[in-house]
Amino acid sequence: MYSVIIPTLWRSSRTLRLISDLVQCERVGEIIIIDNNNGQIAEGGKVKIISNGKNNYVNPSWNMGVYAATYPFIALCNDDINFNAAKMFELEPDYGDIFGIGSACYETEIEFDYPTVSHTHTRGHGWGCLMLMRNEDYPPIPDALKVSYGDDWLFKKLPNRYNINGIRVNTEMSTTSREAEFIAIAEQDSKIWHTLNK
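Residues numbered from 1 in each chain as written. Predicted model: local features only at pLDDT ≥ 70, side-chain atom pairs only at ≥ 80, totals over all residues. Heavy atoms only, no water.

### Examining the side chain of T15
Reasoning step 1: As for its placement among the helices and strands, T15 is situated in helix α1 (residues 15–23).
Reasoning step 2: A distance of 2.7 Å separates a polar side-chain atom of T15 from the backbone oxygen of D79.
Reasoning step 3: Discounting residues that sit within four places of it in the chain, T15 has contacts with T8, W10 and D79. (Helix = DSSP H or I, 4+ residues; strand = E, 2+ residues; numbered from the N terminus. Polar contact = N/O pair within 3.5 Å; in protein donor to acceptor, adjacent residues only side chain to side chain. Contact = heavy atoms within 4.5 Å.)

### Some thoughts on the sheet that holds strand β3 (residues 47–50)
Reasoning step 1: The strand order across the open sheet built from eight strands is β3-β2-β1-β4-β8-β6-β9-β7, with neighbouring strands paired in mixed fashion. The open sheet has two edge strands with one neighbour each: β3 and β7 (116–119). Neighbour-to-neighbour, the strand axes of the sheet open up by a mean angle of 25 degrees, direction not taken into account.
Reasoning step 2: Bridge count between β7 and strand β9 (residues 160–165): four bridges; the pairing is antiparallel. Following the sheet pairing, T116 is matched in β9 by N165.
Reasoning step 3: Here helix α2 (residues 58–68) sits on the sheet and contacts β1 (2–8), β2 (28–35), β3 and β4 (73–77); the angle it forms with β1, its principal contact strand, is near 150 degrees.
Reasoning step 4: Its contacts with the sheet place helix α4 (residues 150–157) against β4, β6 (97–101), β8 (130–134) and β9, and it is angled at close to 35 degrees to β8. (Pairing = 2+ DSSP bridges. Axes fitted to C-alpha atoms, helices over the stretch in contact; angles between N-to-C directions.)

### Side note on the environment of L196
Reasoning step 1: Position of L196 relative to the elements: it lies in helix α5 (residues 183–196).
Reasoning step 2: Remark: the alpha-carbon pair of L196 and C25, spanning 171 residues in sequence, is separated by 38 Å.
Reasoning step 3: Residues within four places of L196 in sequence aside, it is in contact with P142, L145, W153 and K156.

### Here we look at α5
Reasoning step 1: Spanning 14 residues, α5 covers 20 Å between terminal C-alpha atoms, matching the ideal 20 Å at 1.5 Å per step.
Reasoning step 2: For α5, every residue scored as buried is listed here: I185, D189, I192 and W193. Taken around the axis of α5, the buried residues stretch over an arc of 105 degrees, which confines them to a single face. Of the residues in α5, the exposed ones pointing more than 90 degrees away from the buried face are A184, E187, K191 and T195.
Reasoning step 3: Those residues of α5 hidden inside the fold are in contact with α4. (Expected span 1.5 Å × (residues − 1). Buried < 20%, exposed > 50% of the residue type's maximum accessible area, 1.4 Å probe, protein only. Arc of directions from axis to C-beta.)

### Details of unusual backbone geometry
Reasoning step 1: Positive phi, close to 60 degrees, is recorded for W10, a residue that is not glycine.
Reasoning step 2: Assignment of secondary structure puts W10 in the loop between β1 and α1.
Reasoning step 3: For W10, a relative accessible area of 9% gives the class buried.
Reasoning step 4: If you check the backbone angles, Y149 has positive phi at about 70 degrees while not being a glycine.
Reasoning step 5: Judged by relative accessible area, Y149 falls into the partly exposed class, the value being 21%.

### Considering the environment of G29
Reasoning step 1: Looking at where G29 falls in the secondary structure, it is placed in strand β2.
Reasoning step 2: Looking at G29, the relative accessible area reads 14%, which means it is buried.
Reasoning step 3: Along the backbone, G29 and L145 are 116 residues apart, and their C-alpha atoms lie at a distance of 29 Å.
Reasoning step 4: Excluding residues that lie within four positions of it along the chain, G29 makes contacts with M1, Y2, K46 and Y71.

### Brief notes about the packing of aromatic side chains
Reasoning step 1: One pass over the full model with this rule turns up six aromatic pairs.
Reasoning step 2: Relative to F73, the ring of Y2 has its centre 5.3 Å away and its plane inclined at 35 degrees; by these criteria the two rings are tilted. In this pair, Y2 sits in strand β1 while F73 sits in strand β4, placing the two residues 71 residues apart along the sequence. For the pair Y2 and F73, one class covers both residues: buried.
Reasoning step 3: For the ring pair F83 and F89, a centre distance of 6.0 Å and an interplane angle of 65 degrees mean the geometry is edge-to-face. Comparing F83 with F89 shows no difference in burial state: the two are buried.
Reasoning step 4: Put simply, the rings of Y2, F73, F83 and F89 touch in pairs and so form one group of aromatic residues.
Reasoning step 5: The residue whose ring lies beneath R134 is Y95, and the NZ or CZ to ring-centre distance is 4.1 Å. (Phe/Tyr/Trp six-rings, centres within 6.5 Å; stacked < 30°, edge-to-face > 60°. Lys NZ or Arg CZ within 6 Å of the ring centre and 35° of its normal.)

What follows is the structure, given as structure tokens:
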């Protein structure tokens, strides 16, 4: 069973459908919404809301969500994607594994009966829009990194990296993070990231 963690500012038209699909998925035990902008849905059933009245930014939000997660598998999920949840969450990472979205998933119209994974040595475009791993394997992202490089951190820290293949993922990509207010923060994150990797 999965804990799905979704930080959101409620700026994507895809978010409510995403949550609805996850609620209906038997392999999802809880949906942890890190509400960074005065929420639009109520807590109840599988849906759990974490809000402290401010924008915590995406990477600290991942950390908050994983800390609250109660299931053995976690999915760090962008709020601006839609996909077949029943198929996606048939995947189960082993110890030390991290699965991210293969770039072909954004291009294909043909889905496999079951998605597959393949080893990767590079983090492709869109890889971090949905990342699956075991809860106990999660390496907290440094608090100094606010909006960028969280997926790079996880890719670096988990030893076995995979692309998810054979499932369609629909998105406009970076609906929130590409907005002007986050550009300066991303630039600062870049400086911090390169300091961490000296």
